[in-house]
Amino acid sequence: MIARRNVVVPAIAATFCTALAYDGDPVRALQAVFNASLTAATELFNIFLIIALVTALLGALRGLGADRRMVEPFRHVMRGGHSAFWVVAGMTYLISLFFWPTPAVPLIGAVLLPAAISAGLPPAGAALAMAVAGQGMALSSDYVMQVAPGLSAKAAGVGTTEVADRAMVLSLITGGVALALGYLMTRREMREPDVRHLVRWEAGVTDPEVRGRRRFPSLRRLTAAAGADDAGRIDTAAIAPGTATAVPGTDAAGGTDPAVEAAAPAAATAVIDQDPPDRGTPGAPAGDGADAAPAPGDGNERRSKAFALIVPLALAGLVGYMMLGKFTGLVPEVVGGDAAALVGGVTVLLLITAALSLDGRGCLESCAEHIVDGLVFSVKAMGVVIPIAGFFFIGNADFAGKIMALEEGRQAPGFLFDLVTRIESAIPDGGLVVGFGLLLVGLVTGLDGSGFAGLPLTGSLAGTLGPASGTDPALLAAIGQMGCVWSGGGVLIAWSSLLAVAGFARVPVLDLVRRSFLPVMAGLVVSTAVGIAIF
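Throughout what follows, the structure given in this document is the object of discussion. Small disclaimer: the values here were computed from a predicted structure and weren't measured.

Examining the packing of aromatic side chains
Summed over the entire model, instances satisfying the criterion amount to four aromatic pairs. When the ring of Phe 85 is compared with that of Trp 86, the centres are 5.1 Å apart and the planes differ by 80°; the resulting orientation is edge-to-face. Ring centres of Trp 86 and Tyr 183 lie 5.4 Å apart, and the angle between their planes is 45°; on these two criteria the pair is classed as tilted. In this pair, Trp 86 sits in helix H4 (residues 81-99) while Tyr 183 sits in helix H8 (residues 160-187), placing the two residues 97 residues apart along the sequence. Residue class for Trp 86 comes out partly exposed when judged on its relative accessible area of 39%. The exposure class assigned to Tyr 183 is buried, which follows from its relative accessible area of 16%. Taken together, Phe 85, Trp 86 and Tyr 183 form an aromatic cluster joined through their ring pairs. Sitting over the ring of Trp 201, Arg 506 keeps its end group 5.1 Å from the ring centre.

Looking at the environment of Phe 98
Within the element layout of this structure, Phe 98 appears in helix H4. You can call Phe 98 partly exposed: its relative accessible area is 22%. A sequence separation of 40 residues divides Phe 98 from Ala 138, and the C-alpha atoms of the two residues are 8.4 Å apart.

Overview of unusual backbone geometry
A positive phi angle, close to 45°, is found at Asp 142, a residue other than glycine. Note that Asp 142 resides in the loop between helix H6 (123-141) and helix H7 (147-156).

Overview of the pattern of salt bridges
Enumeration over the complete set of coordinates arrives at nine salt bridges. As a salt-bridge pair, Glu 301 and Lys 305 come within 3.4 Å of each other at their nearest N and O atoms. Of the two residues, Glu 301 and Lys 305 both sit in helix H12 (residues 301-327), four residues apart, roughly one turn of that helix. You can call Glu 301 partly exposed: its relative accessible area is 28%. Overall, Lys 305 belongs to the partly exposed group, its relative accessible area being 45%. In this structure, Arg 410 engages Glu 407 in a salt bridge whose closest nitrogen and oxygen atoms are separated by 3.3 Å.

Here's the deal with a nonpolar patch on the surface
Taken together, the side chains of Val 526, Val 530, Ile 534 and Phe 535 present a nonpolar region at the surface, about 310 Å² in accessible area. Within the secondary structure, Val 530 is located in helix H22 (residues 509-534).

Some thoughts on the packing of helix H19 (residues 455-469) against helix H20 (residues 473-491)
Relative placement of two packed helices is described by the angle separating their axes and the distance separating the axes. At a closest axis distance of 8 Å, the pairing of H19 and H20 adopts a crossing angle of 150°. By the angle class used here, H19 and H20 are roughly antiparallel. Here H19 runs over H20; the crossing is right-handed. Mapping the contact onto sequence places Leu 455, Thr 458, Ala 462, Gly 463, Leu 465, Gly 466 and Pro 467 in H19 and Pro 473, Leu 476, Ala 477, Gly 480, Gln 481 and Cys 484 in H20. Within the contact of H19 with H20, the residues separate by chemical class into eight nonpolar, five polar and no charged.

Conventions adopted
Residues numbered from 1 in each chain as written. Predicted model: local features only at pLDDT ≥ 70, side-chain atom pairs only at ≥ 80, totals over all residues. Heavy atoms only, no water. Phe/Tyr/Trp six-rings, centres within 6.5 Å; stacked < 30°, edge-to-face > 60°. Helix = DSSP H or I, 4+ residues; strand = E, 2+ residues; numbered from the N terminus. Buried < 20%, exposed > 50% of the residue type's maximum accessible area, 1.4 Å probe, protein only. Lys NZ or Arg CZ within 6 Å of the ring centre and 35° of its normal. Salt bridge = Lys/Arg side-chain N within 4 Å of Asp/Glu carboxyl O. Patch = residues over 30% accessible without salt bridge, like charges linked within 9 Å, V, L, I, M, F, W, Y side chains within 5 Å. Areas by Shrake-Rupley, 256 points an atom, 1.4 Å probe, with all protein chains shown as cover. Axes fitted to C-alpha atoms, helices over the stretch in contact; angles between N-to-C directions. Parallel < 35°, antiparallel > 145°, perpendicular 65-115°, else oblique. Left-handed = near helix turned anticlockwise from the far one by under 90°. Contact = heavy atoms within 4.5 Å. Nonpolar A, V, L, I, M, F, W, Y, C, P; charged D, E, K, R; others polar.

This is the structure in structure tokens:
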């Protein structure tokens, strides 16, 4: 990964070698390769599904022309890529702090992300802001729900409030440093506000500006390459982030034909301003008015405006409902996976309604097409992470027995935790060294993709090493919590909820990990040093 090479084959080989070394049976080792990917796919499919459903909804809204109308109001706040970066980070943090990042990501991805892209924020920068603010800052403190501080405190033998307060300070320092560095890294990639950025992003075309100069192919060529039909739907099987190797009008190195580049602004404006032709029920003869849906900007303008209002209001209503459950007893509390399921259900309802409004009786076919497009997109963009996650899942005792097909009742190994336990005795007793040692332990235990699974271990180490080194155990538990959650919670590894962020932003997940690594690690180092100094 550091060498910027795909790690799928090494991960598969490592899975085989691990199973072979443990069991000694080459047949079971081969089975473990398959079982590891199957286990990873089972654990991560909820993320794939929510990406697919929101992508399908955006496809239906695109056909109505409601996607661009929906982002118009946010342009008054997001006047450029610079302000968009901080608005996306701030809103993601606030929603994730109360409801965890799982439901926050699709809410931000459906409404704010298109507006941010249109304002000139590159998709990779938007993904970085969402990941650091949600999966990082909000989840690592978990200050509202206090699940993480509770686990750490119980294992360390200290009060939950003490750990939560210190974790909040550390998370703000880490997130502040990471966001500041991420913003500086993204500044040179920001562009002037232009709706063409949104059109290219929706077409699934990787933004080439990150390589240092403007290359704007014609939108006619982009939509043709992406397989757009007359209603504006994009065939996501044609192009997905990280998979496109060439776009018509580009050279072999990813550059753009100078003639195409010169003509791009006029061509793009022509496509944006052009009303798509009327279309009827899929498969019906052209011009058949029985089931024909009027084009956006013509008879369908009122529907377009209606859905541009309905979708944000529905998602805002979801946030309001979850807040009622959190702070009152009027409705049941909905958090975590239940909240994500509620978001997915509402997304499906909006998708069906939008398809029915656009296609009439043809919505049965068009709705299915949108869902298939969404599933194809999510698998093409994120499927590469499944065998990688499978290798790290084999290091988790919860999955190792199933992956290696161990006999019932046989103790499953916990390779990652065994590794951490072995290096525990090598950590000296100095306060600063112990602090960074707990941070390293947390980072390692988070490699299995679970931000909370390592908290009992880091908490117990904090309770043991704190008194011996003269360091506050609550602080050490909070430092270990930072390492666990920033790693396994979904910022520093690809086989986690970071998949959802990368999927909605339509950027390769491994590229997002690389982009996030240095800012986040710098933030963790600074917060650990500051924490040892002030507590």
